[in-house]
Amino acid sequence: MVTGEKAGLFATGGTMCSGRVGEASGRQTIRLTCTQGKDKRGTGTVDSVSATSLKVTWDGGLGEETYTKAEGGKLPSGLPTAGLGS
């Protein structure tokens, strides 16, 4: 999630990260601190942004990921629900 200069990421497996969007060497970057210490999503370069998606290349070896804009500001259906119903 990106709101203004603030960024947050919630990944399958429990990874939660928060940080900021900024500029470095003329490119937009995302810098995150994650709850699980060293994470492959610590620093990333924004490759492209459109009305429906955000493409980021992460420096930590994870490579390129594409994120899709949620409709109406709500999370999409069908996301994993680990721990529910147990």
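Everything here concerns the structure above.
Owing to the predicted nature of the structure, the values given are computational and were not obtained by experimental measurement.

Across two bridges, strand E1 (residues 2-3) lies against strand E2 (residues 6-11) in antiparallel orientation. Considered in E2, the bridge of Thr3 is made with Lys6. Hairpin connection from E1 to E2: two residues lie between these consecutive antiparallel strands, with Gly4 at a positive phi of about 60 degrees. In the sheet, E2 pairs with strand E3 (residues 15-24) via six bridges, with the strands oriented antiparallel. Bridge assignment links Phe10 to a residue of E3, and that residue is Met16. Remark: three residues form the turn of the hairpin made by E2 and E3, two consecutive strands paired antiparallel; Gly13 in that turn has positive phi of roughly 100 degrees.

So, about the state of the cysteines. The tally for this structure, following the rule as stated, stands at one disulfide. Here Cys17 engages in a disulfide with Cys34; their sulfurs sit 2.1 Å apart. Taking the sign of the S-S torsion, about 100 degrees here, the bridge from Cys17 to Cys34 comes out right-handed. Of the two residues, Cys17 is situated in strand E3 and Cys34 in strand E4 (residues 27-34); the sequence distance between them amounts to 17 residues.

Conventions and cut-offs
- Residues numbered from 1 in each chain as written.
- Predicted model: local features only at pLDDT ≥ 70, side-chain atom pairs only at ≥ 80, totals over all residues.
- Heavy atoms only, no water.
- Pairing = 2+ DSSP bridges.
- Helix = DSSP H or I, 4+ residues; strand = E, 2+ residues; numbered from the N terminus.
- Disulfide = S-S within 2.5 Å.

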